[in-house]
Amino acid sequence: ESENKALKAKLAAAKWKNLVPYATLVEATRGFSEALGKGGFGEVYKGRMNEADIAVKKLSRENDRNTYESFRRELTFLAQLDHPNVVPLHAVSMDPGQPLCLVYPLYARGALGGALREAPGLDTRERLAIALDVSRGLEYLHAKGIVHRDIKPANILLGAEGAVLADVGCARDL
């Protein structure tokens, strides 16, 4: 609880105002009814908010110190980043007594892993474009002093504008 207050204060000092009530996310995801995937951090759910499709990452083990630290790192890093090849953070929910949640845009084509498994798959030009987008995202993160540390097909999302890096919860400062 006190750590959440400290984190909220840090976000406020950075003039980051995209805090949303947990109840808003319950409504946006229809009660967290459509799961998109699950990871070590928690589950990701599909939703719709402010006329846009969203993905909501809901922290599963808030009391687990490592999970909370991962959440804090991801929130702290993403709140200060702005690059077309790094997933933008739309909002966060940190209501007392409720699971912590991060809100992202939903990328209709999903993760690279799925695209690689689909027939006919990605052609050479698409693969090169994705590699270039990922390298641009990594270059940006490194210039900001951040190492991603978890590059894999599940953490590369494909959208209409190209590929973006996701899941910076394992990232560290250089």
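Visitor: How should I be thinking about helix α3 (residues 65–78) in this particular structure?
Guide: Residue pairs spaced three or four apart in an α-helix point in one direction, given the helix's 3.6 residues per turn. Over its 14 residues, α3 extends 20 Å from the first C-alpha to the last, a length consistent with the 20 Å expected when each residue adds 1.5 Å. Looking at α3, one finds that the buried residues are Thr 67, Tyr 68, Glu 69, Ser 70, Phe 71, Arg 73, Glu 74, Leu 75, Phe 77 and Leu 78.

Visitor: When you look at the sheet that holds strand β4 (residues 91–93) in this model, what are you seeing that I'm missing?
Guide: Strands in a sheet are paired, the pairing made by backbone hydrogen bonds, and the direction either parallel or antiparallel. As summarised here, the arrangement of the 5 strands in space is β1-β2-β3-β5-β4, forming an open sheet in which the pairing is antiparallel. Each edge of the open sheet is held by one strand with a lone partner, namely β1 (35–38) and β4. When strand polarity is set aside, the average angle formed by the axes of neighbouring strands in this sheet is 25 degrees. Summarising the sheet, β1 and strand β2 (residues 42–49) pair through 3 bridges and their orientation is antiparallel. The residue of β2 that forms the bridge with Lys 38 is Glu 43. In this fold α3 packs onto β3 (52–59), β4 and β5 (101–105), with an angle of close to 40 degrees to the strand it touches most, β5.

Visitor: I'm lost on the pattern of salt bridges in this one. Help?
Guide: Side-chain pairs of opposite charge can arise whenever the charged atoms involved come near each other. Enumeration according to the criterion identifies 5 salt bridges in this entry. We note a salt bridge from Asp 53 to Arg 48, for which the minimum N-O separation is 2.9 Å. Classification of Arg 48 as partly exposed rests on a relative accessible area of 44%. A salt bridge links Arg 109 to Glu 126; the shortest N-O distance between them is 3.7 Å. Placement of the pair is Arg 109 in the loop between β5 and α4 (112–117) and Glu 126 in helix α5 (residues 124–143), with a sequence separation of 17 residues. Look at Arg 109 and you get partly exposed, because its relative accessible area is 44%.

Visitor: Help me understand the pairing of strand β7 (residues 156–159), please; the structure alone is not making it clear to me.
Guide: Neither face of β7 is open: one carries Ile 156 and Leu 158, the other Leu 157 and Gly 159, and all of them are buried. As judged from the 4 bridges shared by β7 and strand β8 (residues 162–165), these two strands associate in the antiparallel manner. Among the inter-strand pairings, Leu 158 is bridged to a residue of β8, identified as Ala 163. Taking the residues that link successive antiparallel strands as the turn, the β7-β8 hairpin has 2 residues.

Visitor: Sorry if this is basic, but what is going on with the nonpolar core here?
Guide: Soluble globular proteins tend to bury their nonpolar side chains together. Judged by nonpolar contacts, the single largest core of 34 residues is most densely connected at Phe 71, Leu 81, Leu 102 and Ile 130. Elements supplying a minimum of two residues to this core: α3, β5, α4, α5, β7 and β8. Filtering out sequence-adjacent residues up to four positions away, Ile 130 remains in contact with Leu 112, Leu 122, Ile 156, Leu 158 and Ala 163. Grouped together as the second largest cluster of nonpolar side chains are 12 residues, Val 20, Ala 28, Tyr 45 and Ile 54 included.

About the thresholds
- Residues numbered from 1 in each chain as written.
- Predicted model: local features only at pLDDT ≥ 70, side-chain atom pairs only at ≥ 80, totals over all residues.
- Heavy atoms only, no water.
- Helix = DSSP H or I, 4+ residues; strand = E, 2+ residues; numbered from the N terminus.
- Expected span 1.5 Å × (residues − 1).
- Buried < 20%, exposed > 50% of the residue type's maximum accessible area, 1.4 Å probe, protein only.
- Pairing = 2+ DSSP bridges.
- Axes fitted to C-alpha atoms, helices over the stretch in contact; angles between N-to-C directions.
- Contact = heavy atoms within 4.5 Å.
- Salt bridge = Lys/Arg side-chain N within 4 Å of Asp/Glu carboxyl O.
- Core = buried A, V, L, I, M, F, W, Y, C linked by side-chain atoms within 4.5 Å.

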